[in-house]
Every structure is written in structure tokens, then in C-alpha cells.
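Single-letter residue listing:
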Amino acid sequence: MTHALPVDPANVRRSMQRILKETHLPVHFTSHCLRHTYASILLAEGTLAPYVQEQLDHASIELTVS
């Protein structure tokens, strides 16, 4: 049995900032911003909403498409 180690929020922030800089994305982006962008791109490209809902683990399709 493996045990997950606790995540240090400071390490997550540092990693996120490094990734944003390396990818030339705005440094104010959060993981939620990236999640929203991912969903928006999928929907704009015509991906079926139920697939996007599953990807985001949303309980309702209404949340996914709003």
C-alpha cells in the first residue's frame, strides 16, 4: 500500500509560476484558469459536451456548458 505525501502549497505555486513563465502564459493564471481554458477550447472545437463533462468531472452538463 502506498501513501500519498502531503503537498506543500508553496511548492505548487513555485512549480505553477515556472511552468507559466516557460510557456509564456500570463503569470496570474491559476490552475482553474487553465482548466476553464481547456474546456473552452474543447467545446469551441466541437468536442461533445458529455466528453468535456467527463474530463472535468462535473456533476451536471449545465455546469460544463455554462
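For the structure itself, consult the block above.
In this text, all values refer to a predicted model and were calculated from it rather than measured experimentally.

Participant: Quick question: what am I supposed to make of the overall build of the protein chain here?
Facilitator: For the protein chain, the helix and strand inventory stands at four helices and zero strands. Listed N to C, the secondary structure of the protein chain is α-α-α-α in terms of helices and strands. Across its three principal directions, the C-alpha atoms of the protein chain cover 40 × 35 × 15 Å. Excluding contacts between residues fewer than 6 apart, the proportion of contacts in the protein chain whose partners are at least 24 apart in sequence is 0%. Split by element, the accessible area of the protein chain, about 5,500 Å² in all, is 62% carbon and sulfur.

Participant: Please clarify how a nonpolar patch on the surface should be interpreted in this entry.
Facilitator: A contiguous nonpolar patch, built from Y38, L48 and Y51 and spanning about 330 Å² of accessible area, is present on the exposed surface. Inspection of the secondary structure puts Y38 in helix α2 (residues 31-44).

Participant: Could you clarify how one ought to interpret the side chain of Q53 in this entry?
Facilitator: Mapping Q53 onto the fold places it in helix α3 (residues 49-56). Judged by its relative accessible area of 16%, Q53 is buried. Of note is the side chain of Q53, whose polar atom sits 3.5 Å from the backbone oxygen of A59.

Parameters at a glance
- Residues numbered from 1 in each chain as written.
- Predicted model: local features only at pLDDT ≥ 70, side-chain atom pairs only at ≥ 80, totals over all residues.
- Heavy atoms only, no water.
- Helix = DSSP H or I, 4+ residues; strand = E, 2+ residues; numbered from the N terminus.
- Contact = heavy atoms within 4.5 Å.
- Areas by Shrake-Rupley, 256 points an atom, 1.4 Å probe, with all protein chains shown as cover.
- Patch = residues over 30% accessible without salt bridge, like charges linked within 9 Å, V, L, I, M, F, W, Y side chains within 5 Å.
- Salt bridge = Lys/Arg side-chain N within 4 Å of Asp/Glu carboxyl O.
- Buried < 20%, exposed > 50% of the residue type's maximum accessible area, 1.4 Å probe, protein only.
- Polar contact = N/O pair within 3.5 Å; in protein donor to acceptor, adjacent residues only side chain to side chain.

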